[in-house]
Structure formats: C-alpha cells, structure tokens
Amino acid sequence: MFSLNGTNFPSDSLSGVSRCLIQSRKKVYFPMVVASVSPNGRPADRNVSVLMENTLKEMKENSPVIEKDSKSTVTGGVGDVYGEDSATEVQTITPWNFSVASGYSLLRNPHYNKGLAFSEKERDSHYLRGLLPPVVFNHELQVKKLLNNLRQYDVPLQRYVAMMDLQERNERLFYKLLMENVEELLPVVYTPTVGEACQKYGSIFRRPQGLFISLKEKGKILEVLKNWPEKKIQVIVVTDGERILGLGDLGCQGMGIPVGKLSLYTALGGIRPSSCLPVTIDVGTNNEKLLKDEFYIGLRQRRARGQEYAELLDEFMSAVKQTYGEKVLIQFEDFANHNAFDLLAKYGTSHLVFNDDIQGTASVILAGIMAALNLVGGNLAQHKFLFLGAGEAGTGIAELIALEMSKQTGAPLEETRKKTWMVDSKGLIVRSRMESLQHFKRPWAHDHEPVKELVNAVKLIKPTVLIGSSGTGKMFTKEVVQAMATFNKKPVIFALSNPTSQSECTAEEAYTWSEGRAIFASGSPFAPVEYKGKVFVSGQGNNAYIFPGLGLGLIISGAIRVHDDMLLAASEALAAEVSQENLEKGLIYPPFANIRKISAHIAAKVAAKAYELGLATRLPQPENLVTYAESCMYSPSYRCYR
C-alpha cells in the first residue's frame, strides 16, 4: 500500500511519479513527490517501483542535507507550525509529507488546485492536458476576474455563496482575493452577511466545511475527531448555535460562524488553513421555525440541558486535548449567556480557551475607547460608562475596562467597576435588584433608585460613553442621542449589535442627532455620512481586529493559558495603531487594509505578555517578536509544482 494525502492506494495503481523541488524562504530545497492514479485503477506501462527508486536516488544526490538553521534560537513548543510557509525554522521532512495527486483529482483538491494558473510544464507533469482550456492565467488575473464577477451580484448572500464555492475549489485563490480586498469582502464572508447565511444554511449547504458533533456522537467524539483529514490542528472555533449574532437560536445552522471566523484567522492573522478546525456542537434547537423546516440540517429536538449537555461538552474538550495536545486554542463562539460564562470558567484553568463574545469584543471595544480618548481628552478613570445590554458582550467589555482602569490607577477592581452602569431588559441594574440578578450581572449593581427607561438612565447617570450590546435594534433613539449630546461636547457612542438590522442606531442617526459631534463606532459596517458639508467615517468595532492577532500570538509563544493581561496587551497594541490621520477623520480604529501588519503587532504584544507571565512554552523567546510573527504568517501564493 502507498499512502498519499491520507488515502491508501495499492502500490500497483500508480501510473507515474514525478518530482519537483520547492524552494523555501531560507533557500533550502524540499522534494515534492507527486503521484497520479490511473483512471481504471490498473498499473500503467511504466515500472513504478523503478521510477520511485530512481526518483529517491535523484533526491539524495541533488538535494542538500536539510538541517535546522543554526541561527535559530527557537526550540520546543509547537515546532514548525506552518510547514513550508514558516521562515523561522527548517525541519527535516520525508518526501511524502507534501505529496499531491495528479490529473483530475488534483483539480478537485482545493489545497493544491490552481485552476487556469497551472503552467505549461505543470500541465505536462501532472497530466492536466485536455482537462483545462489552453490559456494560462497568473494569480493576479484570477483575482481580477473573480472580483469583477463578485461585483455583478446585487444580493450579498449570492456573494457569500460565491466566496464559499471558491474556498471549496481553490483555497489559495480564495485567501489571496480576500486578503487583497479585505475591506470590501470582509462584510461578505463575515458580518453582516454571515448572519443571513446561517439563517439559510440548510438551503445553501453544499459540502461539509467543519465537524458536526451531535448528541448522536456522544461516547464517540474521540473517533469523530479522527475523521477530520488534518491532524495538526492549532485553532478550533466551536459553537452550539444557541445565540448566533443577534439572531437567536439557529441550532446546527450556526456552523457559518466557525467557518467564517477561521477564514479570518487565516486571512487576517496568518494561521495556516490546514491547522484550523470549525466545529458545531448540535444538542438540538428551541427554534420552532427550524424544527418545522424540511430543509433543516440539525437534530430535530429541543435543546438538551443540564447533565446531558455538560457531559457532551466535557467529552468534547477532553477529546480535543487528547487528539491535538495542550496548546490547541479553543475559541467558544455564540454560546448563550447561561452556558458561555460557565464554560469559560470551567475550562479556563485546564485548556487554552477564549470566548470571543466575552473577551474578544471586550478587547476591541477597549481599544476603541482608548483611541477615542485622544479626541475627547482625559484618562480612562475620568470617564463614566453606560451599557445597554448586560450579557456576554456588555459585561465582558465592562470588566476589561475596569481591569485596564485598575492597571492605570492602581485602584482596586471593586472601585473601578463603579465607573460602569448597565441597563438590561428590566432597567438600570441597581443594588435593590441583587437577589434576582444572574451572577455575571451582580458586580455592576450599584446604589441608585430604580430606573426603567434607557433615556432616563442616560439623563440621570450622565455617561461620557454609551455602549449598546443588547442585540435589539433602534434602541438608541433620537431622544437618547440628543441627551448624550447635551452634557458631552463629543459623546462617544458604540452601537455594537449585529447584524446591521439589530444595530442600536445607524451612523447617520448618530451624527445627525448629535449635530455632527458624536464619536461613533458600530458592530456592522456603515457607509460614510455627510452632514452639513462634512463627511464622517465611522469605525467598526469588529472582533476581527483582535482575535486573529491574539491567536497568532498564543501560537507563536506556545502559550498554555489565556490571561486577562494578554487581552489588555492586545487592546493597547490595537489602539496604538490608530494614527492622527485616522483620528482627524473621526476613525477610532485603523483601516482594515493594514490588518495583517496590525495582527502581527498584536501577536507580538500578546506573545511578549505570555513570556512575561511564564505561560509561554516556546523557549527561548525570539529576539524580535514582530518580525518573527510576520515570518510565521501564511502566504496564499501559489507554489510551483514542476
């Protein structure tokens, strides 16, 4: 038997073996053996065993001895995370590690397919003659063509489906297209379009892009993980679909979120696609519409709770560590409040876990606030914060603000929390409500008379910063925004709920109702707004600013746990990337066009903090973490298959 890309073929089914040399960034040549399988399963006329013997002999004679770079001081930890795309270390490999099939099967392999970009020599070497039109396109022309095609679609979901189709047939072209047009295509592959994609996931489902682990797999999860073709996983994004964006319980159809997040881990943070694993835990859904939908792809039962749910999650977490090791990053995504906080607390001390809704949102919004201080003046402790929404996002942001304030002033955390007030569905959270409050809301219950309406809370508390994370649209009314503008020269307003339809207010409303004085940011993107002859460009408090760089920093340091100080370091790094030119336009976040460099700087700060805290295992620490982070980032450039 001959193993090729994880598939076993009888040794007599190989019709030919060809060879090409891949040049790494350090001028070390790696042999690539490429095998093709005859269509009828029979041996071809060539003597395969002789060809293989001769090929290996050539490799031995022509290829240099592959040794570790003597200049590298980085050892241990995760090793060469990104394979041939890592410039930090060169490791010995066998010729079969990067083997790919030839011919028709090569064109159906998204990891290696180049479409019309296969050169004339490659078409000869890999039996592609006749399977492609005669023209040869370069990578850049392919990107230009696809971008032109995407722009022909008027419906965002059509663009989403087109991008997913591209990812499934030509992975490197997908990432090159996304990376070079990130500001235009980020809303297509993620918020706000991904929300609609999740709602209609059953109808648009084509082929699996991740693992679906349901209650049917209970007791078998370790075996299920082995069904995934990639074995060296560094990042897992997992959801149970109960609270997808501001859309509620979408059950199994929440898979669009892990798939989208991991696309951004690669495009924005440079994490290699093969090391990413999207997972959906399906324990049922309480969405009656989905349960009655004939096209729904998940379990047709109401959500499991209590011990049954806990046992499934515990089995999953144990299986992940057993399969992928101690340093695999597990990102919890879109779990409901009653599970999200408990899961983070339960596994935060035993696994490398991170909740993007609680911690990622907090980090990116704290960065925006810190940048906004350059426009409104004062330090963090001199400002007062009012939140609409006291769930995962709201309390997560509030806690990180309090931590940063405590770090800056030296005041106890209990004191800095008093700078933040919260309004939930029952009104202002005050001490008289303490007995009825969920545990994660209790730190924000302060002494004050009960207040039911948001506008009254604004008038009484007089916050300098108003943050919406309620998941309910149109809550920042004209009266609310005008009230903020009466006692703030430059009111800071964050309308963070996604998708766009759930935003607490639009950019146009914020600027118009505040007479052009608001400093505004949102969760979903808004077009520039013209008011009284001035153009205002609002910022987007998108988690994509933080989690890709955070993940890269954790990986390059070999971190074993996520610490709050790492989140603060990420916030400070992002805020530092906002230029004076950005601020003059009203932007409190840097342009996404520079996101790869931004992610590298965030990764460096996070990794440095991991080393400082003693949580890093990739020792010793590289001399220049920014350069090291950049060198580790995945590149979507085509490799030469000669």
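No experiment lies behind these values; they were computed from the predicted model shown.

**Observations regarding the overall build of the chain**
Then step 1. Counting secondary structure elements, the chain contains 25 helices and 19 strands.
Then step 2. Across the 642 residues that make up the chain, the buried fraction comes to 58%.
Then step 3. Sequence separation of 24 or more characterises 72% of the internal contacts of the chain that already satisfy a separation of 6 or more.
Then step 4. A total of about 26,600 Å² of accessible surface is found on the chain, and carbon and sulfur atoms cover 51% of it.

**Quick word on the packing of helix α6 (residues 171–180) against helix α7 (residues 182–189)**
Then step 1. Between α6 and α7, the least distance of the axes is 6 Å, while the angle of their chain directions is 120°. As summarised for this structure, α6 and α7 are arranged oblique, according to the angle between their axes. Only Val182, Leu185, Leu186 and Val189 of α7 make contact with α6, whose side of the interface consists of Phe174, Leu177, Leu178, Met179 and Glu180.
Then step 2. Classifying every residue of the contact of α6 with α7 by side-chain character gives 8 nonpolar, no polar and 1 charged.

**Describing the pattern of salt bridges**
Working definition: two side chains of opposite charge can pair if their charged atoms are close together.
Then step 1. Applying the stated criterion across every chain yields a total of 32 salt bridges.
Then step 2. Of the charged contacts, one joins glutamate 180 and lysine 176 as a salt bridge, the two residues approaching to 2.6 Å between their closest N and O atoms. Note that glutamate 180 and lysine 176 are positioned in helix α6 at a spacing of 4 residues, about one turn of the helix.
Then step 3. Here glutamate 180 falls in the partly exposed class, since its relative accessible area comes to 47%.
Then step 4. Of the residues examined, lysine 176 reaches a relative accessible area of 11% and is grouped as buried.

**Structural notes on the UniProt feature "binding site: (S)-malate" (unreviewed entry) in the chain**
Then step 1. Those places that UniProt annotates as "binding site: (S)-malate" (unreviewed entry) correspond, in this numbering, to Arg243, Asn498 and Asn542.
Then step 2. Considering the arrangement of structural elements, one finds asparagine 498 in the loop between β15 (492–495) and α20 (507–513).
Then step 3. The exposure class of asparagine 498 is buried, given its relative accessible area of 17%.
Then step 4. Excluding its chain neighbours within four sequence positions, the residues that come into contact with asparagine 498 are Thr191, Leu245, Gly246, Gly523 and Ser524.
Then step 5. Considering the arrangement of structural elements, one finds asparagine 542 in the loop between β19 (539–540) and α21 (547–557).
Then step 6. Those residues within four positions of asparagine 542 in sequence are excluded, and the remaining contacts are Leu186, Thr191, Val364 and Phe592.

So, how was this worked out
Residues numbered from 1 in each chain as written. Predicted model: local features only at pLDDT ≥ 70, side-chain atom pairs only at ≥ 80, totals over all residues. Heavy atoms only, no water. Helix = DSSP H or I, 4+ residues; strand = E, 2+ residues; numbered from the N terminus. Buried < 20%, exposed > 50% of the residue type's maximum accessible area, 1.4 Å probe, protein only. Contact = heavy atoms within 4.5 Å. Areas by Shrake-Rupley, 256 points an atom, 1.4 Å probe, with all protein chains shown as cover. Axes fitted to C-alpha atoms, helices over the stretch in contact; angles between N-to-C directions. Parallel < 35°, antiparallel > 145°, perpendicular 65-115°, else oblique. Nonpolar A, V, L, I, M, F, W, Y, C, P; charged D, E, K, R; others polar. Salt bridge = Lys/Arg side-chain N within 4 Å of Asp/Glu carboxyl O. UniProt positions renumbered as here; feature names shortened; annotations may be inferred.

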